[in-house]
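# Survey of secondary and tertiary structure
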Amino acid sequence: MTEESRFPDIPPSAELAEQTPAEPGQMAFLDHLEELRWRIFRALGAILAGAILCFAFSDYVMQLLTKPYEQAVLSLENQRSPGAVEAMQQLLDQWLGKEAAAEATTPEVIEIPAARRLQSLRPMTYFFISLQVSFMGGLVLALPIVFLQIWQFVAPGLLQSEKRLALPIIALSVLCFSIGALIAYSLVLPMGLRFFLALEPPDMTSQWAADEYIGFVLRLLFGFGMVFEMPVLALFLAKIGVLTADTMRRIRRYAIVVIFVLAAIVTPPDPVSQLMMALPLLLLYELSIWICRVAAPKKKSETPEEPAASQD
């Protein structure tokens, strides 16, 4: 035996890849990283395009985000700054259409007082607010593409029957995120703002910073949108066999605690807003249990075993 045959040259990684080709449908580790990198670039490109579009309409988006604050201030000014409980009750009466019976004879305030307007405390506050709003708006506009890139990265490891869920899961993801953000904007935010403003004592006037208010609203909208993705995540995990309805039933008591803790973190620190997030999450959790029970691949796991037994 010669020295060359005893100690052959170690081929480089490229030659090793050629000598041991991957099986069809499989990718090497570096190929996975390359695929992930391009998926991230495509998602970021979609977010950037949406951010540029939102930056062109940043004034309109800013008015949309500050509208709940202006409505809360005007409502409390016309109600002569009631307490927190009275403010909540009057907001509920307004939603139920009972505001006409409680109208006062005094003239209504139609413009926010100067002391109540949002304040800009730094020279570039509005510019940074515009960037923040544009980025979040671009993320919302690019959600279908972002979810599509995530799905296309995960899809090679799924079965053909599981890949058919791409369109329903992407559509449901966008729908659930939109519903969560809409609930936060239409219900939770007005109630939380009225609660905070009504707690203000008569001898004090709060002046809120514009950047802190916009950041608070965006975090609230994004948090509600993300937690409303629970049924979609349950559907996906149930279809691939990772999550079952029995597992969700067993951990229900722990999930309830986690839901209320999450609601306390995401929502404003008032009990009404926390309940308005916790109660839909509890309903979504029960809905996720039903989704797991319906989407569980029981029949698919039993049918392949019968022909295998007959062949033996």
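Our subject is the structure that appears above.
Turning our attention to the pattern of salt bridges. Per the stated rule, a full pass over the model turns up 5 salt bridges. The closest approach of N and O atoms between Arg37 and Glu34, which form a salt bridge, is 2.7 Å. Of the two residues, Arg37 and Glu34 are both situated in helix α3 (residues 29-56); the distance of 3 residues between them amounts to about one turn of the helix. Here Arg37 falls in the partly exposed class, since its relative accessible area comes to 36%. For Glu34, a relative accessible area of 35% corresponds to the partly exposed category. In this structure, Arg249 engages Asp246 in a salt bridge whose closest nitrogen and oxygen atoms are separated by 3.0 Å. Placement of both Arg249 and Asp246 in helix α12 (residues 245-250) is noted, with a separation of 3 residues, approximately one turn of the helix. For Asp246, a relative accessible area of 47% corresponds to the partly exposed category.

What follows concerns the side chain of Ser58. Here Ser58 is to be found in helix α4 (residues 58-78). A polar side-chain atom of Ser58 sits 3.1 Å from the main-chain carbonyl oxygen of Phe55. Beyond its immediate sequence surroundings of up to four residues, Ser58 is in contact with Ser130 and Ser134.

Here the focus is a nonpolar patch on the surface. Taken together, Leu30, Leu33, Leu36, Trp38, Ile40, Phe41 and Leu44 make up a surface patch of nonpolar side chains, about 670 Å² in accessible area. Checked against the element boundaries, Trp38 lands in helix α3.

Let us look at the nonpolar core. Of all hydrophobic cores here, the largest spans 58 residues; its most connected members are Trp151, Tyr213 and Ile214. Considering each element in turn, this core owes the most residues, 11 residues, to helix α9 (residues 166-198). With 6 residues, the next largest nonpolar core counts Ala43, Ala46, Ala142 and Val146 among its residues.

What counts as what
Residues numbered from 1 in each chain as written. Predicted model: local features only at pLDDT ≥ 70, side-chain atom pairs only at ≥ 80, totals over all residues. Heavy atoms only, no water. Salt bridge = Lys/Arg side-chain N within 4 Å of Asp/Glu carboxyl O. Helix = DSSP H or I, 4+ residues; strand = E, 2+ residues; numbered from the N terminus. Buried < 20%, exposed > 50% of the residue type's maximum accessible area, 1.4 Å probe, protein only. Polar contact = N/O pair within 3.5 Å; in protein donor to acceptor, adjacent residues only side chain to side chain. Contact = heavy atoms within 4.5 Å. Patch = residues over 30% accessible without salt bridge, like charges linked within 9 Å, V, L, I, M, F, W, Y side chains within 5 Å. Areas by Shrake-Rupley, 256 points an atom, 1.4 Å probe, with all protein chains shown as cover. Core = buried A, V, L, I, M, F, W, Y, C linked by side-chain atoms within 4.5 Å.

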